[in-house]
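Secondary and tertiary structure notes
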Amino acid sequence: MSYKRVFTIVLDSVGNGAAPDADKFGDVGADTLGHVGSHYAGKLALPNLAKLGLSNTRTTPIEGVAVAEPALGNFGNMNEISAGKDSMDGHWEMMGLPVMKPLSTFPDGFPAWLIEKLETFAGRKVIVNKPYSGTDVIHDYGEHQMATGDLIVYTSGDSVLQIAAHEDVIPVEELYRICEYARTLVNGPEVTIGRVIARPYVGPDKDHFTRTANRRDFSLAPIGETALDELKAAGLDVIAVGKTNDIFSGQGFTQNFHNESNMDGMDHVMTVLGQDFHGFCFTNLVDFDAMYGHRRNPQGFGQALMDFDQRLGEVLAAMKPDDLLLITADHGNDPGFTGSDHTRETVPLLAYSPSMKETNQSLGTRTTFSDLGATILENFGLTAQRGSSFYDAIKN
Ligand SMILES: O=P(O)(O)O[C@H]1O[C@H](CO)[C@@H](O)[C@H]1O
Ligand SMILES: [Mn+2]
Ligand SMILES: [Mn+2]
């Protein structure tokens, strides 16, 4: 019998060691989970992830996370074939749509024509216009923005155009309108940017600015059909929790929950678990990435994993026999690595259901994230355009 409800939780940026092609990205030696384990001061306790086999996925276990003997579910890894190592590439590839052509990046800032158009539309001057850390940029330019109303535009190693705006100076709705306009300028063919991201923040001065949960991602619309579209067309429920909805421009979803934080996201997962539905719930928990990975903060990263693990215990207890849970990540963001960008990593894959026939099996290292979507489609009797399903190994 197939699973009635499939839950995928993407732990944003929780990589499991340098990918085979990490050299092409300057990421040899990156290992998000390994370095969180070795840099965390104190004891990293992840009992639920451990039970599912998190350390079983590795040749060297994560410090503090015992190898489960036996694991409650099935475990493995996945490699990415997309050209980039951003959230969009990762999630799209999971849903059968890898991004094979690199999207535009701007190590020297955005071109003058784009900036001019933005300034004209917004009636505001653009400042910064270069790669920057999002927390540093508001620290360094936020007070200037408060005094002038200028737009803080910045980027990173990813294909992103980010606009930071103090909520009292540029109201969130205005910021969203500017981002929507920016989106129309970067849909290709000349310039194709993965995401325009609104980055609102609040606070009285540079030492007290904090970014708010009003962040919004305006993604490129999927350039083809995804597994989500197929599921929806088949009449199934397709539920987004967190930024998955933004990442697919809402395409393929039938219901959507916006997350304020990882814990809020887990509240939503529990709400969805309490709903009677038939289909797929696709959750992203972004705090690991935004608050700790890019900030190179292994302590915070470890704490966030522990907080997640605790809530995972509630999920496991609430799951029904015909529920399937798949836990994975979309890329790495090693807090023990140089720089402040994502890292090209293999990602962990944990599959669990209370009714799984075979447990403690290795699912191996999948050659594309699309194997995840292929598995979900096969579960619902649908055919994948891409990826090889591991449904046979995990069916109930
Ligand atoms: O430094 P902040 O603003 O968190 O931005 C980071 O967040 C973006 C999306 O994950 C990345 O491309 C990186 O630029
Ligand atoms: Mn991500
Ligand atoms: Mn990120």
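Reading the values: rules and limits
- Residues numbered from 1 in each chain as written.
- Chains lettered and ligands numbered in written order.
- Predicted model: local features only at pLDDT ≥ 70, side-chain atom pairs only at ≥ 80, totals over all residues.
- Near = placed C-beta within 6 Å.
- Helix = DSSP H or I, 4+ residues; strand = E, 2+ residues; numbered from the N terminus.
- Nonpolar A, V, L, I, M, F, W, Y, C, P; charged D, E, K, R; others polar.
- Domains from an automatic or database assignment.
- Axes fitted to C-alpha atoms, helices over the stretch in contact; angles between N-to-C directions.
- Parallel < 35°, antiparallel > 145°, perpendicular 65-115°, else oblique.
- Contact = placed C-beta atoms within 7 Å.
- UniProt positions renumbered as here; feature names shortened; annotations may be inferred.
- Buried ≥ 20, exposed ≤ 12 C-beta atoms within 10 Å, placed from the backbone.
- Arc of directions from axis to C-beta.

By the naming in an unreviewed UniProt entry, the protein chain is Phosphopentomutase, taken from Limosilactobacillus equigenerosi DSM 18793 = JCM 14505.

**Remarks on the site of ligand 1**
The environment of ligand 1 is formed by S87, S133, G134, S156, D158, V160, Q162, R199, D289, A290 and H294. Secondary structure elements with two or more residues in the shell around ligand 1: β5 (160-166) and α10 (287-293). Taken together, the residues that form the shell around ligand 1 break down as two nonpolar, six polar and three charged. Shared between two domains, the shell around ligand 1 holds at least three residues of each, these being domain 1 (5-100 + 221-394) and domain 2 (112-219).

**Some points on the environment of N187**
As for its placement among the helices and strands, N187 is situated in the loop between α6 (172-185) and β6 (195-202). With 32 residues separating them along the chain, N187 and S219 place their C-alpha atoms 9.3 Å apart.

**Side note on the packing of helix α1 (residues 32-39) against helix α11 (residues 298-318)**
It is the contact of α1 with α11, at a shortest axis distance of 9 Å, that shows an interaxial angle of 105°. Taken together, the axes of α1 and α11 lie roughly perpendicular to each other. The residues of α11 that touch α1, namely those facing H35, V36 and H39, are P298, F301, G302 and L305. The residue makeup of the contact of α1 with α11, split by class, is four nonpolar, three polar and no charged.

**With respect to the UniProt feature "binding site: Mn(2+) 1" (unreviewed entry) in the protein chain**
Per the UniProt record, "binding site: Mn(2+) 1" (unreviewed entry) is annotated on D12, D330 and H331. Spatially, the listed residues are clustered: although they cover 320 residues, their C-alpha atoms lie within 7.1 Å of one another. If we skip the residues at most four places from it in the chain, D12 touches S87, N284, L285, V286, F288, D289, A329 and D330. Residue position: H331 is located in the loop between β12 (323-328) and β13 (347-352).

**Focus: helix α4 (residues 112-122)**
Of the residues making up α4, those classed as buried are L114, L118 and A122. On an axial view of α4, the arc spanned by its buried residues comes to 55°, and they lie on one face. Exposed residues on α4 whose side chains face more than 90 degrees from its buried face are A112, W113, E116 and T120. Turning to α4, the residues buried within the fold contact β3 (126-131), β4 (151-155) and α6. Positive phi appears at G123, one or two residues downstream of α4, with a value of about 65°.

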